[in-house]
Amino acid sequence: MKTNKFLALALAVMGAGMIQWSCSKNEDSIEPVQQDPNAPKGQVRIGVTDAPIDNAEVKGAFVTITEVRVDGRVFDAFKGPKTINIAELNNGNFLTLGEGQLQTGTYSKLTFFFDYEKDAMGNAPGSYILKADGTKSKLVISGNARNYLDLNTKPFTINQDGTTDLMVDFDLRKAIKTFNENAQKQYSFVTYGELQSSIRVVNKTATGTISGQVSGYNSATMGNVVAFVYKKGEFNQNVETKGQGESAVEFKNAVSSAKVDAAGNFKVSFLEEGDYEIHFASFKSSGEANSSVALNSFLNLSGNLDLTKLSVKSSTEVRLSLSIKGFLGL
C-alpha cells in the first residue's frame, strides 16, 4: 500500500512538472498566428529607414531579415531572407520591405526575425558591421540568444480601403555598442530591451520632416555635428550626455537624429505630428588607436525659428536656416 501511495505521489509530481513545462513551452512559442482565409483584407506597406551612427570606422551595418510578422501573422509580401545595409538609409531614404494584404483589424506589434549566421547569399556572418578596413564584426543581441525582435507600436488599423503605410526607423547610434576584444574594436547590438527602444514604428502618411542648413560649418575644426530631435520639453542635458542603461547609450531619449553633412545640410524625417526641439552636438575623436568619437560641445546657433518650439505637421517640412554663434560647454 505504501508503495502504491509513493508511486501515485511520484506520478502526480511528474504530471505537474509536465504541465508546467508544457505551459512554459507554449509561452515561449513563436509559432505564427493563422489568418482567417475568409476574413476581409487590407493593403499594407512596410518600409525601413535609419538614423545614422556617428562613427567613421563604420562603413556599413547589415542585417539579414528572414521573416516579418504583424501581431503574429506572417507578412507574406516580404520575401526573405533579405540582407539590408541600413546604414545607407539616411536623410529620408528608405527601403520597402514589402507591400501586400493582411486581415483587417487593429494591430500593435511587428516582429522581425534575423539570421546572425548567414546573409541572403549564404555568406557568414548574416548580420554585421562592415568596418573601414574591410573586416566584419558580427552583430548579435547582447546577452540574449533570441533571433527575433518584437516591436510594440501605437495601435494602427488595417482597412479594406486605402493602404496602411508603416515605416520602421532604426537608430543605429542607439542600437549598436562597441567593445574591445584582443586589442581590436568590435561591435554588437545593445541589449534586447535597448534594441526595442532604439527602433520606432510610425504611420508614414502622418509624419513630417525637419531639415535645414548650418552656415559656416567646418567639420575639420568643429568635428562631426549631429542634430538631435526631442519632444518639446523633454531634453535634459545632464541626463542625455551621460550613458544610460546597460549599454551606456548617450542621447537615449532623442526621437531621432541626423548627421550634418560637409555642406552644413541635415534632414530628420518621419517625425510624427507634434511639437519638438532640436539640439546640435559636436563629436571629436581623441586620435588614439581604437578610440571612438566623444561628445565635445554643443553648438550655439541663431536661426529663422525658435529651436525649442518646432511644430511638425503631417506631410510638411520645417525648414531651418542656421548660423553658428559659438560653442556651449558641457
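Quantities reported herein were computed from a predicted structural model and do not represent experimental measurements. (Residues numbered from 1 in each chain as written. Predicted model: local features only at pLDDT ≥ 70, side-chain atom pairs only at ≥ 80, totals over all residues. Heavy atoms only, no water.)

Quick word on the sheet that holds strand β9 (residues 141–142)
The mixed open sheet is built from three strands, whose spatial order is β9-β13-β12. Because the sheet does not close on itself, it has two edges, and the strands there are β9 and β12 (176–181). One ladder, built from two bridges, connects β9 with strand β13 (residues 184–191); its direction is parallel. In the strand pairing of β13, I141 is matched with F189. (Pairing = 2+ DSSP bridges. Helix = DSSP H or I, 4+ residues; strand = E, 2+ residues; numbered from the N terminus.)

What to know about the nonpolar core
Within the largest apolar cluster, 45 residues are counted, with the highest numbers of intra-cluster contacts made by I46, L110, F112, V168 and I176. Residues within four places of V168 in sequence aside, it is in contact with I46, G47, V48, T49, L110, F112, L151, I199, R200 and V201. I210, Y217, V225 and L322 belong to the second largest nonpolar core, which has 24 residues in total. (Core = buried A, V, L, I, M, F, W, Y, C linked by side-chain atoms within 4.5 Å. Buried < 20%, exposed > 50% of the residue type's maximum accessible area, 1.4 Å probe, protein only. Contact = heavy atoms within 4.5 Å.)

Some remarks on the environment of G245
Of note, G245 is situated in the loop between α5 (237–240) and β17 (256–259). Residue class for G245 comes out exposed when judged on its relative accessible area of 54%. Residues G245 and V190, 55 residues apart in the sequence, show an inter-C-alpha distance of 9.8 Å.

Focus: the packing of aromatic side chains
For the coordinates displayed, the defined rule picks out twelve aromatic pairs. Geometrically, the ring pair formed by F235 and F298 is edge-to-face, given 6.0 Å between the ring centres and 75 degrees between the ring planes. In this pair, F235 sits in the loop between β16 (224–231) and α5 while F298 sits in strand β20 (residues 293–303), placing the two residues 63 residues apart along the sequence. Taking relative accessible area as the criterion, F235 reaches 18% and is therefore assigned buried. Of the residues examined, F298 reaches a relative accessible area of 4% and is grouped as buried. Considering the side-chain rings of F266 and F280, the 5.2 Å spacing of their centres and the 75 degrees angle between planes classify their relative orientation as edge-to-face. Pair noted here: F266 is in strand β18 (residues 265–272) and F280 is in strand β19 (residues 274–285), with a separation of 14 residues, a long-range link. Taken as a pair, F266 and F280 share a single burial class, namely buried. (Phe/Tyr/Trp six-rings, centres within 6.5 Å; stacked < 30°, edge-to-face > 60°.)

Considering the sheet that holds strand β1 (residues 41–51)
Strands in a sheet are paired, the pairing made by backbone hydrogen bonds, and the direction either parallel or antiparallel. Read from one edge of the open sheet, four strands run β5-β1-β11-β14, paired in mixed fashion. Because the sheet does not close on itself, it has two edges, and the strands there are β5 (95–103) and β14 (199–203). Pairwise comparison of adjacent strand axes, ignoring direction, gives a mean angle of 25 degrees for this sheet. In this structure, β1 lies alongside strand β11 (residues 163–171), joined through nine bridges in parallel fashion. Across the sheet, residue G47 finds its bridge partner in β11, namely M167. (Axes fitted to C-alpha atoms, helices over the stretch in contact; angles between N-to-C directions.)

Notes on the environment of V190
Assignment of secondary structure puts V190 in strand β13. For V190, a relative accessible area of 1% corresponds to the buried category. Sequence separation between V190 and G143 is 47 residues, and the spatial gap between their C-alpha atoms is 8.6 Å. Every residue in contact with V190, bar those within four places of it in the chain, is listed here: I141, S142, K174, A175, I176, K177, L195 and S247.

Structural notes on unusual backbone geometry
For the bond from G80 to P81, the omega torsion is 0 degrees, close enough to zero to count as cis. Its place among the elements puts P81 in the loop between β3 (73–74) and β4 (82–85). Residue P125 is reached from A124 by a cis peptide bond, and omega for that bond is -10 degrees. For F251, which is not glycine, the phi torsion reads 50 degrees and is therefore positive. Within the fold, F251 resides in the loop between α5 and β17. Given a relative accessible area of 0%, F251 falls into the buried group.

Here we look at the pattern of salt bridges
In total, this model carries eight salt bridges according to the counting rule given. In this structure, E57 and K185 form a salt bridge, with 3.9 Å as the shortest nitrogen-oxygen distance. Note that E57 is positioned in the loop between β1 and β2 (58–70) and K185 in strand β13, a separation of 128 residues in sequence. Of the residues examined, K185 reaches a relative accessible area of 5% and is grouped as buried. The partner of E67 in a salt bridge is R69, and the shortest N-O contact between them spans 2.5 Å. With a relative accessible area of 23%, E67 lands in the partly exposed category. According to the relative accessible area criterion, R69 is buried, its value standing at 9%. Residues joined in a network through salt bridges with shared partners are R45, E99 and D165. (Salt bridge = Lys/Arg side-chain N within 4 Å of Asp/Glu carboxyl O.)

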